[in-house]
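Residue-level listing of the chains:
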Amino acid sequence: MSFWADTGAIFSAFLSQDSFEIQSALESDAAWVMGAVISAMGGFVIMLIYRTVPFIERHLERSVMVYSYLAIALIIFWGVIDRFVFNDQEPWSTTIPPLLFMVMAWFGATYNVRLRTHLSFNEFRTAMPRGGQLACLILDAVLWFIFAVIVIVTTTRLVALSASNFQIVLGTDNIMQWWFLLAAPLSFFLMIGRVFQNLADDLQNWKTGEPLIKQAVIGAD
């Protein structure tokens, strides 16, 4: 009974859009169950969007990474000129770049899940029988999903905490920290979509007899 009450409290808190209520509601254990269910549903929807709109599938994460990197480079470049030429410095020039770097890293991790360029011991797996290869790929999907759910739940709690405390990015007057922190759960929702994509490809390759283990190339499409 307590589980359903906690679940209802979480839904009610999000509908109210009150960060204090959301933070309090997410402290219950029901947040983990809801996080897993919503993550699975969201990942499935994202996979369908990727299949329906190939442009988004190809460019979403990479665009976020590139523009975040360019923003970091521009802020640092101008910060050097501002400090050593004009003897001035914007107070936010040392606080916003680390936040942008985190955004770039989160979306980069999501993109590289799709490319399978994370540690996967492909040389070892290639020597395994075909059934063992599929078992390893399914295990990858399960572990990535569990990891993503943990990140989504914990970082959503952090976003709610930051918003409820009105945390402002140091050196600014009205830029909230939770705007940047929100990129973490969003990027890991995208990661689940990528995990489901990979798993669907693996099962299709298993049925058609295509190779299951392929050489991963960083930066490939």
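An account of the accompanying structure is given in this report. Quick caveat: nothing in here was measured; it's all calculated off a predicted structure.

**Overview of the pattern of salt bridges**
- According to the stated counting rule, one finds 5 salt bridges in the structure shown.
- As a salt-bridge pair, Arg194 and Glu61 come within 2.7 Å of each other at their nearest N and O atoms. Highlighted residues: Arg194 in helix 9 (residues 183–208) and Glu61 in helix 4 (residues 54–84), separated in sequence by 133 residues. In this structure, Arg194 and Glu61 share a single accessibility class: buried.
- Asp201 is the salt-bridge partner of Arg114, the closest N and O atoms lying 2.9 Å from each other. One end of the pair, Arg114, is in helix 5 (residues 96–115); the other, Asp201, is in helix 9, and 87 residues separate them in sequence.
- The class for Arg114 is partly exposed, based on a relative accessible area of 23%.

**Considering the packing of helix 3 (residues 30–52) against helix 9**
- Orientation of helix 3 relative to helix 9, taken along the N-to-C sense of each, is 65 degrees, at an axis distance of 7 Å. Judged on the interaxial angle alone, helix 9 and helix 3 are roughly perpendicular. Crossing of helix 3 against helix 9: the hand is right-handed. From helix 3, Ile38, Ser39, Ala40, Gly42, Gly43, Phe44, Ile46, Met47, Tyr50 and Arg51 reach across to helix 9, where they touch Phe189, Leu190, Ile192, Gly193, Arg194, Phe196, Gln197 and Ala200.
- Its residues assigned to classes, the contact of helix 3 with helix 9 comprises 11 nonpolar, 5 polar and 2 charged.

What counts and how
- Residues numbered from 1 in each chain as written.
- Predicted model: local features only at pLDDT ≥ 70, side-chain atom pairs only at ≥ 80, totals over all residues.
- Heavy atoms only, no water.
- Salt bridge = Lys/Arg side-chain N within 4 Å of Asp/Glu carboxyl O.
- Helix = DSSP H or I, 4+ residues; strand = E, 2+ residues; numbered from the N terminus.
- Buried < 20%, exposed > 50% of the residue type's maximum accessible area, 1.4 Å probe, protein only.
- Axes fitted to C-alpha atoms, helices over the stretch in contact; angles between N-to-C directions.
- Parallel < 35°, antiparallel > 145°, perpendicular 65-115°, else oblique.
- Left-handed = near helix turned anticlockwise from the far one by under 90°.
- Contact = heavy atoms within 4.5 Å.
- Nonpolar A, V, L, I, M, F, W, Y, C, P; charged D, E, K, R; others polar.

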